[in-house]
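Examining the three-dimensional arrangement
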Amino acid sequence: MGWLDDDAPRGIDGYGDLLTPSEAAEPILARPVRNALLEWLTEIFAEKELEEANLKPRRRALFSGKPGTGKTTLAHHLAARLGLNMLVVKPERIIGSFLGSTGRNIGKLFDLAAKCNPPVILFMDEFDAIAIKRKEANSGAEEERNSWVNTLLQRVEQHDGFIIAATNFAGHIDPAVWRRFDVHIEVDLPGQFERERILERYLAPWGLPRQSLKLLAESCETASPALMRQLAEAMKRQLVIGPKVRWDMRREPTIERMLAAIQPHPDVGKPRLWAHGARDAAIAAMPWPLPKADEIKDDPAPTDAPTGSEKVVQLPRRA
Amino acid sequence: MASLGKNTPQTRELTDVVERIEKINGEIKDLQEDRTAVFAEAKAKGFSTRQMRRLIRVRAMKPHDHQEDEAEYDVYAHAMGLATEPPLLRYMAKAGTDTAVRDQVIAAMKSFVPPYGKGDITVTMDGQPVRLVRDKDGEVEMLDVEPPRPAKNSAPRQPRPKREVPNVDEDGAERLGVLYAKDNRPVIDNPFPYGDPRRARFDEGWRRENGGDGMGPDDED
């Protein structure tokens, strides 16, 4: 009875995916984000001391940032550090087609979450889908939306457990809901250092010598972690599959094939690698075939500077 | 109607109809006498006239009407406190312990199995459920039913204790964190549960030894 799903009885994991601490990956985050998160973590760990001072650790955080910047990974890492399960709430399981059903689903979700022992962290991804700004209602649908945002507001406030919300559109969130969250972390696109680490992680078991990795990371400036992961995984896929289907496995054609199939979203800007394609200096400096990571483990900075590195410095950098 | 006088054609017609009815009445009387004779004959052989009449009545009804009638009577009887345990239930209760009766019951159930693909009958007696299913050729198969598994995702998964929580004090937990960091094990391998003060101390120890915050590699310079 799919059409009656709004009323289907569900356990807490009917509202999303339940992630356990052991499934968490180590995030790769920029310094300010790490500091903010560590501060919050220390605060939660110091709950007893805070209670003596009549304070409670903050329990509600809002992560904002562009798509693919690792908001879910970040939240999952926090949950794993605390040793708690995290429920990734799916908006489509909350928003119902019948009048009043969305509010009812929100209520049920919070009721179930309150009963969980040990507690569960509610991670509400795409939070802008639920906590939409309220405005004067001109139609029944708008009235309905205002009413569920009111419900959300109350339930968020009353909930004693951890709530982490994530959004790509911080501006779409209702101001009153926003105010209920007392930790706001903006997850930015990764910097050069983080990009190198991300590429390194997802290229494993292959790897790149230090200088070449640096150049590739530079050419990925403005790319999100998710995009770089796709890039690294596509490269690995090409290396595994390519010889089997007898593709041209020379460096440039391989890179061109890869880039053709992975595109950054037009709004987030094209990293240099995508603008230049296989002609990019980072590609020219890339050893081919790609070495395995353990072969270059203790590789010092290459003595012979790769060709084209000067060119990289001269290229106009994005602001 | 035209006038009904003596010797009119209508009068002759009327006489005709009346005589026919009288003839039929005579035949009915004869047949009833025959019926009485048959009953008497059966009674002489020792059959109960009353039960025979009841059988004849039931046989005259449509089977569905009869079932409805019976069910309705059961409800009324039960309401009046007249109902005793129906024989079928007594039979079924016996089937719980008597293997032969159980097999009979299952055999009887076979004829009620819906057509292929339309459903099945599960009979549970003496603890072991048996599923009766009709296959494509219309033959009834008997399958043993696996005991139902707990429904997946029905209850929130709790973090399974990956290992025993080490029996150490808070300082011990911190030292354990240091050991984990030295062994290059991730900070989220923390063996202490949420809310345990030792979890925080472990985290602290790990961070002190590692020099980082457990959120990825540190800037080199």
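Note that the structure is a prediction, hence the values are computed from the model and not measured.

**Details of the overall build of chain A**
Counting its secondary structure elements, chain A contains 14 helices and 6 strands. Counting only residues that meet the buried cut, chain A has 36% of its 319 residues in that class. Across chain A, every contact between residues at least 6 apart in sequence was considered, and the portion connecting residues at least 24 apart equals 79%.

**Considering the overall build of chain B**
Scanning chain B from terminus to terminus reveals 7 helices and 3 strands. The order of α-helices and β-strands along chain B, N terminus first, is α-α-α-α-α-β-β-β-α-α. Among the 221 residues that make up chain B, the fraction classed as buried is 11%.

**Some words on helix 8 (residues 192–203) of chain A**
Residues and elements named next belong to chain A. Its 12 residues give helix 8 an end-to-end C-alpha distance of 16 Å, which sits within 8% of 16 Å, the value for a rise of 1.5 Å per residue. Within the span of helix 8, buried status applies to Glu194, Arg195, Glu196, Arg197, Ile198, Leu199, Glu200 and Leu203. Contact partners of the buried residues in helix 8: helix 9 (210–219) and helix 10 (225–241).

**Overview of the pairing of strand 2 (residues 128–134) of chain B**
Consecutive side chains along a regular strand alternate between the two faces of the sheet. All names here are of chain B. In terms of strand pairing, strand 1 (residues 121–125) meets strand 2 through 5 bridges, oriented antiparallel. The residue of strand 2 that forms the bridge with Val123 is Val130. Relative to strand 3 (residues 140–144), strand 2 runs antiparallel, the two being bridged by 5 bridges. Considered in strand 3, the bridge of Leu132 is made with Met142.

**Quick notes on the sheet that holds strand 3 of chain B**
All names here are of chain B. Strand order in the open sheet made by the 3 strands is 1-2-3, with antiparallel pairing throughout. On the outer flanks of this sheet lie strand 1 and strand 3, each paired with one strand and no other. Sheet twist, expressed as the average angle between the axes of neighbouring strands with direction ignored, equals 25°. The sheet contacts of helix 5 (residues 99–110) involve strand 1, strand 2 and strand 3, and relative to strand 1 the element is tilted by about 170°.

**Comments concerning the nonpolar core**
All names here are of chain A. Formed by 83 residues in total, the largest nonpolar core has its most connected members in Met86, Leu87, Leu122, Phe123 and Ile164. With 6 residues, the top contributor of residues to this core is helix 3 (residues 71–82). In this structure Leu87 touches Ile12, Asp13, Tyr15, Gly16, Leu18, Val120, Leu122 and Phe123, once residues within four positions along its chain are discounted.

**Here we look at the confidence of the model for chain A**
All names here are of chain A. Summarising the model, chain A shows a mean pLDDT of 82, and 90% of its residues fall at 70 or more. In the predicted structure, residues 1–9 sits below a pLDDT of 50 and forms 4 contacts with residues beyond four places in sequence or in another chain. Counted against residues more than four places away or in other chains, residues 301–317, with its pLDDT under 50, gives 20 contacts.

**As for the confidence of the model for chain B**
Model confidence for chain B is summarised by a mean pLDDT of 81, while 82% of its residues fall at 70 or above. Here the predicted complex scores 0.59 on pTM and 0.71 on ipTM.

**Concerning the sheet that holds strand 3 (residues 85–89) of chain A**
Residue and element names in this part refer to chain A. Spatial strand order, 1-3-4-5-2-6: 6 strands in an open sheet with mixed pairing. Only two strands of the sheet have a single partner each, and these edge strands are strand 1 (16–19) and strand 6 (183–186). Strand-to-strand twist across the sheet, computed as the mean angle between neighbouring axes with direction ignored, equals 20°. Both strand 2 (residues 60–64) and strand 5 (residues 163–167) contribute to a ladder of 5 bridges, which runs parallel. The residue of strand 5 that forms the bridge with Ala61 is Ile164. This element, helix 3, spans strand 1, strand 2, strand 3, strand 4 (120–124) and strand 5 of the sheet and lies at about 155° to strand 3.

Conventions used here
- Residues numbered from 1 in each chain as written.
- Chains lettered and ligands numbered in written order.
- Predicted model: local features only at pLDDT ≥ 70, side-chain atom pairs only at ≥ 80, totals over all residues.
- Helix = DSSP H or I, 4+ residues; strand = E, 2+ residues; numbered from the N terminus.
- Buried ≥ 20, exposed ≤ 12 C-beta atoms within 10 Å, placed from the backbone.
- Contact = placed C-beta atoms within 7 Å.
- Expected span 1.5 Å × (residues − 1).
- Pairing = 2+ DSSP bridges.
- Axes fitted to C-alpha atoms, helices over the stretch in contact; angles between N-to-C directions.
- Core = buried A, V, L, I, M, F, W, Y, C linked by C-beta atoms within 7 Å.
- pLDDT = per-residue confidence, 0-100.

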